[in-house]
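Per-entry structural report
Spelled out, the chains give:
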Amino acid sequence: MGKYNPYDNVLAVVENAAKVLGYKESDYEALKYPERELKVSIPVQMDDGSVKVFEGFRVQHSTSRGPAKGGVRFHPNVNQDEVKALAAWMTFKCAVVNIPYGGAKGGVICDPTVLSEGEMRRITRRFTAMIAPIIGPDQDVPAPDVGTNPKVMGWMMDTYSMLKGHCVPGVVTGKPIEIGGALGRSEATGRGVMITTKNTLAKLGMEMAGTSVVVQGMGNVGSISAKLLHAEGMKVIGVSDVSGGLYCKDGLDIPGILEYLKTPKALLEGYNAPGVEHIANEALLELETTVLVPAALENQIHGGNADKLNCKIIIEAANGPTTVEADEILKNRGILLIPDILANAGGVVVSYFEWVQNIQSMYWTEEDVNKRLKEIMDRAFEAVWDIAKENGVEPRIGAYLIAIKRTVEAKKLRGIWP
Ligand code: NAD
């Protein structure tokens, strides 16, 4: 097996879906390349007085359907190919749920777990200044991803606003509520995962109540997904983070675990409760469960473990958790997979709502946000389910059929400039 490159995953799926759509290569050729890639060096004064230079990226994959949109990741394993793949997934995600954006992603190679708040702030501000020429409410709108959060978005918004000389709340989404964030944004991705899980189970004639689920990753997406799935009556039998997993066959006390995780830098390895077993991350993925929700990072379900999974349904809450090789194995094993570009789109949908509210300077209630989110997620789910059935393909290809069609048609209508 060669070195895993997530961008190869993107290209393989695009080719596959474009063929089903009967497109000529010239119709979708441009989609194989990001429109713009910026690599920056970020000098930062560390707390001990030394100067460290971090590497950062902003990649805009497509602006055919609107401004580029996508998160910023702070993680030691960030690299340009990963950011390129994540940017392309954003293009297709925004197209599946039909919001007027293209796709982008950013990243800085750093480890937030060992940085002080001051160091994080200085990295964020300098990174923002260096990508400022290519971002903006009409150009490219960043948001949180792995290792970043509303506080980081607040610093990005302030830095950009200082450079412009006036307040520009619409330059990033996922901001704190007090400075233009949307009610419901912090829960949106997990809420979308819950809605998607509910819709999937309903198609199979199953109830949420009492159905078992395992969630890998307890960050923003995983913890909210676990909370809302538990609140709907699902039996969350396993959860994990980078330190390892927890298992209880009768169901974990999710509110108790979330309370425990509120302590800054708390990890699941330190959590103990009667009947709870500590297990390795690999074992967590192999637990017998109806639903598995990978909500950590890419490349978690691959050729080496896809035949060991013991679930019936996978809801991809993370971006790119399953490789193309694993997809094939899962399909042959009859495991139903609902793809990332649909399942985790709740975050970007509510980011879109936040941007709309910033532009209008008019704010909605949380009920309004959640109601509109559900409408969009339900509509997108039905469309993907139906097109997959009509074409006899897996939901991943179904989602790409919709996304590629919308993106290619937008490109055709605009034409090639000049
Ligand atoms: P986060 O940084 O808040 O959390 C990541 C979690 O994964 C942490 O709990 C970490 O400990 C855990 N983790 C890391 N490596 C692991 C491993 N090997 N095994 C098990 N757990 C591991 O990040 P997040 O914002 O929750 O993002 C998670 C995924 O969801 C990413 O793929 C991200 O791109 C995607 N996503 C995020 C959003 C969003 O709104 N934040 C939206 C759509 C998709």
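Residues numbered from 1 in each chain as written. Predicted model: local features only at pLDDT ≥ 70, side-chain atom pairs only at ≥ 80, totals over all residues. Heavy atoms only, no water.

The condition that has to hold: UniProt positions are given in the numbering used here, feature names are shortened, and annotations may be inferred rather than shown by experiment.
An unreviewed UniProt entry annotates the protein as Glutamate dehydrogenase originating from Qiania dongpingensis. According to the UniProt record, the Sequence similarities (unreviewed entry) comment for the protein is "Belongs to the Glu/Leu/Phe/Val dehydrogenases family."

1. Brief notes about the UniProt feature "active site" (unreviewed entry) in the protein
Heads up, the rule is: Only DSSP runs of H or I covering at least 4 residues are called helices, and only runs of E covering at least 2 are called strands; the numbering of each starts at the N terminus. Classification of residues uses two cut-offs on accessible area relative to the type maximum, computed with a 1.4 Å probe and protein chains only: under 20% is buried, over 50% is exposed, and between them is partly exposed. Contact criterion: two residues are considered in contact whenever any of their non-hydrogen atoms come within 4.5 Å of each other.
As annotated in UniProt, the feature "active site" (unreviewed entry) corresponds to K105 in the numbering used here. Its place among the elements puts K105 in strand β4 (residues 103-109). A relative accessible area of 2% means that K105 is categorised as buried. Not counting the four nearest positions on each side in its chain, K105 is found in contact with F57, R58, V59, G70, G71, V83, L86, A87, M90, D145 and N319.

2. A short note on helix α10 (residues 324-332)
The cut-off we apply is this: Directions pointing from the helix axis toward each C-beta atom define the arc.
All of the buried residues along α10 are A326, D327 and L330. Down the axis of α10, the sector holding all buried residues measures 105°, keeping them to one side. Of the residues flanking the end of α10, it is G334, one or two places downstream, whose phi is positive at about 75°.

3. Some remarks on the site of the ligand
Here is the rule: To be near a molecule or strand, a residue needs just one of its heavy atoms within 4 Å of it. Any pair of nitrogen or oxygen atoms within 3.5 Å is treated as a polar contact; in protein, a donor-acceptor pairing is required on top of that, and neighbouring residues in sequence qualify only through side-chain atoms on both sides. Using a 1.4 Å probe, accessible areas were evaluated by the Shrake-Rupley method; residue-level cover was limited to the displayed protein chains. Only Asp, Glu, Lys and Arg are considered charged in this grouping, and only Ala, Val, Leu, Ile, Met, Phe, Trp, Tyr, Cys and Pro are considered nonpolar; every other residue, Gly among them, is considered polar.
In the vicinity of the ligand there are 25 residues, among which D145, T189, V221, V242 and N319 approach most closely. One nitrogen or oxygen atom from the side chain of T189 is found 2.8 Å from an oxygen atom belonging to the ligand. The separation between an oxygen atom of the ligand and a polar main-chain atom of G219 is 3.1 Å. For the ligand, whose unbound accessible area comes to 830 Å², protein coverage reaches 85%. In terms of residue class, the shell around the ligand is built from nine nonpolar, 11 polar and five charged.

4. Examining the pattern of salt bridges
Heads up, the rule is: In the sections that follow, a salt bridge refers to a side-chain nitrogen of Lys or Arg positioned within 4 Å of a carboxyl oxygen of Asp or Glu.
A complete count under the given rule lists 26 salt bridges for this structure. D250 serves as the salt-bridge partner of K249, at 3.8 Å between the closest nitrogen and oxygen.

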